[in-house]
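# Breakdown of the fold
The residues making up each chain are set out below.
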Amino acid sequence: FINAFSHLGLSGEGTGVPQGAADQVIAEAVQYDDPLFQDALSAGLTTVLVSGFDSNGPIGGRVAVLKTGAADRESMILRATAAIRLFHDSTAPDGIKSLESALNRGKSYLDAWKKYEKIFLLNRRKKKSPHHKKNKKIRNHLHVRLSSSG
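To keep things clear, this report deals only with the structure shown in the data block. (Residues numbered from 1 in each chain as written. Predicted model: local features only at pLDDT ≥ 70, side-chain atom pairs only at ≥ 80, totals over all residues. Heavy atoms only, no water.)

### Let's talk about the overall build of the protein chain
A tally of helices and strands in the protein chain yields three helices and four strands. Scanning the protein chain from its N terminus toward the C terminus, one meets helices and strands in the order β-α-β-β-α-β-α. Going through the 150 residues of the protein chain one by one, you find that 21% of them count as buried. Long-range contacts, defined as pairs at least 24 residues apart, comprise 57% of the intrachain contacts of the protein chain with a sequence gap of at least 6. Of the accessible surface of the protein chain, which amounts to about 10900 Å², a share of 57% is contributed by carbon and sulfur atoms. (Helix = DSSP H or I, 4+ residues; strand = E, 2+ residues; numbered from the N terminus. Buried < 20%, exposed > 50% of the residue type's maximum accessible area, 1.4 Å probe, protein only. Contact = heavy atoms within 4.5 Å. Areas by Shrake-Rupley, 256 points an atom, 1.4 Å probe, with all protein chains shown as cover.)

Have a look at this one:
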């Protein structure tokens, strides 16, 4: 069985479940030796999706996929970031607006990043191309001179 929402391994003695945040890698906060993982495995749960508490905004933070029967942290983490948890609990007609706005901002950021990468790569190719040809000519010239001097 897979538990699709859990805080398993995120709290222990003196620590509470962290607030979810988009920039937080939740897998780093998991206490892999939490005895509740063994209890979950005994109950038939082999995999859990773990995230922090919901934040005040529509983005609840990252979700990690963990294996309950793992012997150590490395083998426990199946995906450090498997998803982003979105939070929405309004029933008002415009209640979805904050979530829609956050998703649109994310899409705009992604579009801007893709445009930047495309321009960066084009400029890099333009700058690299003449130097690459020049360096190839120099290498060929050196190869000819070294071959003929021997």
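Structure's up, so let's keep going.
### Points about the nonpolar core
Ranked by size, the top nonpolar core spans 12 residues in total: Leu8, Leu10, Ile26, Ala27, Val30, Phe37, Ala40, Val48, Val50, Ala64, Leu66 and Met76. Residue assignment for this core shows that the elements contributing at least two residues are α1 (36–42), β2 (47–50) and β3 (59–67). Once you skip the residues sitting within four places of it in the chain, Ala64 turns out to touch Ile26, Ala27, Val48, Leu49, Val50, Arg79 and Ala80. (Core = buried A, V, L, I, M, F, W, Y, C linked by side-chain atoms within 4.5 Å.)

### Overview of the packing of aromatic side chains
One pass over the structure, following the stated rule, counts two aromatic pairs. Aromatic side chains Trp113 and Tyr116 sit 5.3 Å apart centroid to centroid with 35° between the ring planes, which places their arrangement in the tilted category. Here Trp113 and its partner Tyr116 are both found in helix α3 (residues 97–149), three residues apart, which amounts to about one turn of the helix. Trp113 gets classed as partly exposed once you look at its relative accessible area, which sits at 41%. Here Tyr116 falls in the partly exposed class, since its relative accessible area comes to 46%. Seen from their ring centres, Tyr116 and Phe120 are 6.0 Å apart, and the 20° between their planes marks the pair as stacked. Placement of both Tyr116 and Phe120 in helix α3 is noted, with a separation of four residues, approximately one turn of the helix. Its relative accessible area of 41% is what places Phe120 among the partly exposed residues. By way of ring pairs, the aromatic residues Trp113, Tyr116 and Phe120 are connected into one cluster. (Phe/Tyr/Trp six-rings, centres within 6.5 Å; stacked < 30°, edge-to-face > 60°.)

### Description of the side chain of Thr47
Mapped onto the elements, Thr47 comes out in strand β2. Among the polar contacts made by the side chain of Thr47, one reaches the side chain of Thr46 at a distance of 3.4 Å. (Polar contact = N/O pair within 3.5 Å; in protein donor to acceptor, adjacent residues only side chain to side chain.)

### A few points about a nonpolar patch on the surface
Residues Tyr109, Trp113, Tyr116, Phe120 and Leu121 make up a contiguous nonpolar surface patch of about 570 Å² in total accessible area. Examined against the element boundaries, Leu121 turns out to sit in helix α3. With a relative accessible area of 38%, Leu121 lands in the partly exposed category. (Patch = residues over 30% accessible without salt bridge, like charges linked within 9 Å, V, L, I, M, F, W, Y side chains within 5 Å. Salt bridge = Lys/Arg side-chain N within 4 Å of Asp/Glu carboxyl O.)

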